Amino acid sequence: MNDDKAITVSFTGHRTYGHECDDDLAAAIERLYCGGCRVFMTGMAVGFDLAAGECVLSLRGRLDGIRLVCVVPFRGQERGFSPGDRERFDRLLREADSVVVLAEEYFPAVYRLRNDYLVDGASAVVAYYDGTAGGTAYTVARARRSGIPVLNLYKDGQLELF
């Protein structure tokens, strides 16, 4: 588990994310960095997770000491990705400061294990959550039950998670 929980932020969001709030994501990372956060963990799923990891890498030139941790639920997770997303996944692994692989192979609860790891190792969560059921909903709910603040970047006036 992460020894730097106090300075660590995790990302969670939908696989359907299409870069709708990339500017807000960068601003949130910078704000958290200015508040002392240095370690940013992504769960490496298609969509928001990969975009968040790429955003952290893009800020390295301006934010000294920012670190990216890729939390891979199981070896071979990327086999089901499109070729473009597989390239993004591989680049993040190559350029990350560290990579955590939670299981050698897929099993039914492996994504829940990954989501628990992300929540348990962080002092804050940045989400792209539209209110629908699924892994993002589980992760946001678990963070809130644990008293971990959730910054939701999804643009829906009906949904307030702060």
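This write-up is about the structure you can find in this document. Because the structure is predicted, anything quoted here is derived from the model rather than measured.

Let's talk about the environment of Arg-114
Next, step 1: By secondary structure assignment, the location of Arg-114 is in helix H4 (residues 110–120).
Next, step 2: Sequence separation between Arg-114 and Val-72 is 42 residues; the distance between their C-alpha atoms is 7.4 Å.
Next, step 3: For Arg-114, the residues in contact, after removing those within four places along its chain, are Arg-15, Gly-43, Ala-45, Asp-49, Val-71, Pro-73, Gln-77 and Leu-102.
Next, step 4: One polar contact links Arg-114 to Asn-115, side chain to side chain, over a distance of 2.7 Å.

Examining the packing of H4 against helix H5 (residues 135–145)
Each pair of packed helices can be summarised by the angle the axes make with each other and by the distance between the axes.
Next, step 1: Between H4 and H5, the shortest axis-to-axis distance is 10 Å and the interhelical angle comes to 35 degrees. Here the hand of the crossing between H4 and H5 comes out right-handed. Packed against H4, whose contacting residues are Arg-112, Asn-115, Asp-116, Val-119 and Asp-120, the element H5 presents Gly-135, Tyr-138, Thr-139, Arg-142 and Ala-143 at the interface.
Next, step 2: Partitioning the contact of H4 with H5 into residue classes produces three nonpolar, three polar and four charged.

A closer look at the packing of helix H1 (residues 22–34) against helix H2 (residues 48–58)
Next, step 1: Across the interface, H1 lies against H2 with an axial gap of 10 Å and an inter-helix angle of 55 degrees. As the angle between them shows, H1 and H2 are arranged oblique. H2 is crossed by H1, and the crossing has right-handed handedness. In this structure, H1 contributes Leu-25, Ala-26 and Ile-29 to the contact, and H2 contributes Phe-48, Ala-51, Ala-52, Cys-55 and Val-56.
Next, step 2: For the contact of H1 with H2, the residue count by class is eight nonpolar, no polar and no charged.

The rules behind each value
Residues numbered from 1 in each chain as written. Predicted model: local features only at pLDDT ≥ 70, side-chain atom pairs only at ≥ 80, totals over all residues. Heavy atoms only, no water. Helix = DSSP H or I, 4+ residues; strand = E, 2+ residues; numbered from the N terminus. Contact = heavy atoms within 4.5 Å. Polar contact = N/O pair within 3.5 Å; in protein donor to acceptor, adjacent residues only side chain to side chain. Axes fitted to C-alpha atoms, helices over the stretch in contact; angles between N-to-C directions. Left-handed = near helix turned anticlockwise from the far one by under 90°. Nonpolar A, V, L, I, M, F, W, Y, C, P; charged D, E, K, R; others polar. Parallel < 35°, antiparallel > 145°, perpendicular 65-115°, else oblique.

None of the figures reported here should be taken as evidence of function without further support.
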